[in-house]
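# A look at the structure
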Amino acid sequence: MSSSDRRLMFRGQPVRLVLLAGLLTVAGCGDDGPPGGSAGSGNPTTEPVLFADANRDLGVDFSHDAGRTGRYFMPEMVPPGVALFDFDRDGDLDLYLVNSGALDDRGQPAPDADVTNRLYRQNPDGQFEDVSAASGLADAGYGMGVAVGDINNDGYPDLYLGNFGPDRLFLNKRDGTFADITATAGIDNSSWTTSVALADFDRDGWLDLYVTNYVDYRADTKCPDNSGRPDYCGPHVFHGQPDRLYRNLGVASTGDDGSPGPRFADVSATAGISRQGGPGLGVVCADFDDDGWPDIYVANDHAANFLWINAGDGTFREEAFFRGGALSAQGRPQASMGIACGDIDGNGRIDLLLTHLEGENNALYLGIDDTGFRESSHQAGLAMPSLGFTGFGTQFLDLDNDGDLDLLVANGRVRRVTRKIESSPDESVPDFWKIYAERNHVFLNDGTGHFSQCENPNDPLLRRVEVSRGLATGDLDNDGDLDVVIGNTAGPVRVYRNQAAGDRHWLIVRAVLPDRGGRMALGARVKVTAGGTTGLRLVQPASSYLSSSDPRVHFGLGDVDRVTSIEVDWPDGTREVFSGGDADRIVTVSKGAGQEPAQ
């Protein structure tokens, strides 16, 4: 059977190809268009709406505070991140939103007890309740990014906050509250932190921390634009900072009361991470060279990206240049911000999408084999539509449940607009920030790794023009399609409910480690075979930009209503196969409960 035949079977019968082409037409999705222009061609009155506003229905009313404007302090325009995670383990996703607040006249954080991060708990009726104050997570630091993972193997997700200023590590106490264990856990990072990822780098069963640091910002540095007007500085006028790698030492007695808690050791120097600094913004951990050990990819802003290859002995080698993931197709460093990670062309390799500054197209690094990547943004139809935009949060996801990974990009400028724009900023955008507002992008995959841009003025996610940054995805209502949360600088968070999946089938997989408290198996690779085709997903919530998504993995199945098998490559290097069954359900697969794959 040819690959094209298998792809059609994944969606159903061969006539499905005609239906898919029709969907792309009415959805206003077209080929690679002019720079920054529209690639769609549908009639706005007949195009379906892919997303619906959900803030009011769900009771989410958070708005990000970027502080006093007009001084052009660089940290103002970087956040905020967002996180989706089930902190109380009741089976549905909760929401954590990062806030920032004021900077003093020296450009340093000025904490305000009234400007804090917010935790929203999802109740059984689907409504979200603000439980920030009672939870202990109402942190007043100048927030940037957030990462989620179970650091003490008790089955409950914990939370790391990356700040402009000292970071914070919070332990889930399993009673709806969190404790700040930053000092006792051995975390000491006062650099400007952006994105953070958790992975078991040494495969000892405990999640370690990779902390991405940005630049050595100095508020007295001024960066006027070409007309002499004040504007925000770029990272190239500062020095990039080394990142931090914290090894999880397991649970030990900490604090004056001798209570047990996780402890970390800073192994950045011995691991080789700190020997190279960079203006890091995004990070994702995955096994890029197929040796069974998690590697680290870092998106650097105005500098070559990093790819830290895990040697399996506690050390890492930086090999982005040699593996084709450091520079643009023209061999130049770019302003990399966010990272989307997934297999977009069905070849079983991990691909990466890097969002970039206006004037630089977003870069698509296709995973070719275990030696590295090939930049393929033009061939995939993703280069020209992104050229006039500044991208931040991004995610590969199966938006319409047809079996392949589509693409979302959250956009927002970091410098004044210098060209005429067709769309007007949303009414929620404060006057100062209107010149930085941009619309977001949705691209649908045709199943081969070629994308078509979607536009619909009636779709709230595509219509709104805001200063968007963090982006997280997850199934908020457990109905089998992926919803979207976008964090906006100096504006309201946006929660969008998916309307695109229709009646297509799906499967959501929870991969857990029973011998590690039942925690999610971050770093696992899950393959689902259905209808003769196999799809690959990573259990890795840390990607995008400053954000953390649903750790469960989602597979759209098109017209296929039964799953043949589920195969899991566990973080410790072992592999198991589990039986399939009916589609349209959430399945938990536990390490040790499957079968060894047939040789």
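### Observations concerning the overall build of the chain
- Regarding its fold elements, the chain presents six helices and 46 strands.
- Seen through its principal axes, the chain has C-alpha atoms that stretch 65 × 60 × 50 Å.
- Residues classed as buried in the chain amount to 62% of the 599 residues present.
- For the chain, the share of sequence-separated contacts (at least 6 apart) that also reach a separation of at least 24 residues comes to 61%.
- Of the roughly 21,300 Å² that the chain leaves accessible, carbon and sulfur atoms contribute 48%.
- Once the 51 positive and 89 negative side-chain charges of the chain are each reduced to a mean point, those two points are 3 Å apart.

### A short note on the pattern of salt bridges
- As enumerated under the stated definition, the model contains 30 salt bridges in all.
- In this structure, the salt-bridge partner of D61 is R118, at a minimum N-O distance of 3.3 Å. Residue D61 is located in the loop between α3 (55–58) and β3 (82–85), and its partner R118 is located in strand β7 (residues 118–122); the two are separated by 57 residues in the primary sequence.
- Of the residues examined, D61 reaches a relative accessible area of 59% and is grouped as exposed.

### Some points on the domain arrangement of the chain
- When cut into domains, the chain gives domain 1 (55–498) and domain 2 (505–590).
- The C-alpha-based centres of domain 1 and domain 2 are spaced at 22 Å.
- Buried area between domain 1 and domain 2, summed over both chains or domains, comes out near 3,500 Å², and the portion from carbon and sulfur atoms is 51%.
- By the criterion of area lost to domain 2, the three top residues of domain 1 are N153, R203 and N401, representing 12% of everything that side buries.
- Our count for the domain 1 to domain 2 interface comes out at zero salt bridges.
- At the boundary of domain 1 with domain 2, the tally comes to 26 residue pairs in polar contact (both at pLDDT 80 or more).
- Listed by contribution, the elements that provide at least two residues to the side of domain 1 that touches domain 2 are β3, β9 (143–149), β13 (193–199), β19 (280–286), β24 (339–342), β28 (391–397) and β34 (468–474).
- The element that contributes the greatest number of residues to the side of domain 1 that touches domain 2 is β34, accounting for six residues.
- When its residues are assigned to classes, the side of domain 1 that touches domain 2 shows 30 nonpolar, 21 polar and 14 charged.

### Section: the nonpolar core
- Among the nonpolar cores identified, the biggest contains 40 residues, and V509, V526, V528, L557, I566 and V589 are the most heavily contacted of them.
- Among the secondary structure elements, those contributing two or more residues to this core are β11 (168–172), β13, β14 (208–213), β37 (505–513), β39 (525–530), β43 (553–558), β44 (562–569) and β46 (585–590).
- For this core, the element with the highest residue contribution is β37, accounting for five residues.
- Counting only domains with at least three residues in this core, you end up with domain 1 (55–498) and domain 2 (505–590).
- Apart from residues no more than four positions distant in its own chain, I566 is found in contact with L507, V509, V526, K527, V528, E576, V577, F578, S579, V587 and V589.
- Membership of the second largest hydrophobic core comes to 35 residues, among which are C223, V414, V465 and Y545.

### Describing the side chain of D208
- Within the fold, D208 resides in strand β14.
- For the buried D208, no salt bridge exists, and the shortest N-O distance to an oppositely charged side chain is 5.4 Å, to R247.

### Digging into the sheet that holds strand β27 (residues 372–375)
- With antiparallel pairing, the four strands of this open sheet are ordered in space as β24-β25-β26-β27. Strand pairing shows two members of the sheet lacking a second neighbour, β24 and β27, which therefore form its edges. Each strand of the sheet is rotated relative to its neighbour by a mean of 25 degrees, with strand direction disregarded.

### Quick notes on the state of the cysteines
- A full pass over the atoms with the stated rule returns one disulfide.
- One disulfide bridge connects C223 with C233, the sulfur atoms lying 2.1 Å from each other. On the sign convention where negative means left-handed, the S-S torsion of about 95 degrees between C223 and C233 marks this disulfide as right-handed. A residue pair is termed long-range when its members are at least 10 positions apart, and C223 in the loop between β14 and β15 (241–242) and C233 in the loop between β14 and β15 qualify at 10 residues.
- Take C233: its relative accessible area is 4%, and that puts it in the buried class.
- Here C285 is not cross-linked by a disulfide; its sulfur's nearest cysteine counterpart is in C341, at 9.6 Å.
- Overall, the relative accessible area of 4% leaves C285 in the buried class.
- Since its relative accessible area comes to 14%, C341 is described here as buried.

### Focus on the sheet that holds β9
- Strand order in this open sheet of four strands is β9-β10-β11-β12, and the pairing throughout is antiparallel. Each end of this open sheet is capped by a strand with a single partner; those strands are β9 and β12 (178–180). For this sheet, the mean inter-axis angle between neighbouring strands, taken without regard to orientation, is 25 degrees.
- With three bridges joining them, strand β10 (residues 158–163) and β11 adopt antiparallel strand pairing. Of the residues in β11, the one forming a bridge with Y160 is L169.

### Quick word on the pairing of β27
- Bridging between strand β26 (residues 363–369) and β27 involves four bridges; their strand directions are antiparallel. Each bridged residue has a counterpart across the sheet, and for D369 the counterpart in β27 is G372.

### Section: the environment of D483
- Its location among the elements puts D483 in strand β35 (residues 483–488).
- Since its relative accessible area comes to 1%, D483 is described here as buried.
- When the C-alpha atoms of D483 and E576 are compared, they prove to be 30 Å apart, with 93 residues separating the residues in sequence.
- If we ignore the near neighbours within four places in the chain, the residues touching D483 are A472, T473, G474, D475, L476, D477, Y496, R497 and N498.
- Within polar-contact distance, the side chain of D483 engages the backbone nitrogen of N498 at 2.8 Å.

Cut-offs and rules
Residues numbered from 1 in each chain as written. Predicted model: local features only at pLDDT ≥ 70, side-chain atom pairs only at ≥ 80, totals over all residues. Heavy atoms only, no water. Helix = DSSP H or I, 4+ residues; strand = E, 2+ residues; numbered from the N terminus. Buried < 20%, exposed > 50% of the residue type's maximum accessible area, 1.4 Å probe, protein only. Contact = heavy atoms within 4.5 Å. Areas by Shrake-Rupley, 256 points an atom, 1.4 Å probe, with all protein chains shown as cover. Lys, Arg positive; Asp, Glu negative; His and termini not counted. Charge placed at Lys NZ, Arg CZ, Asp CG, Glu CD. Salt bridge = Lys/Arg side-chain N within 4 Å of Asp/Glu carboxyl O. Domains from an automatic or database assignment. Buried area = accessible area lost by both parts, 1.4 Å probe. Polar contact = N/O pair within 3.5 Å; in protein donor to acceptor, adjacent residues only side chain to side chain. Nonpolar A, V, L, I, M, F, W, Y, C, P; charged D, E, K, R; others polar. Core = buried A, V, L, I, M, F, W, Y, C linked by side-chain atoms within 4.5 Å. Pairing = 2+ DSSP bridges. Axes fitted to C-alpha atoms, helices over the stretch in contact; angles between N-to-C directions. Disulfide = S-S within 2.5 Å.

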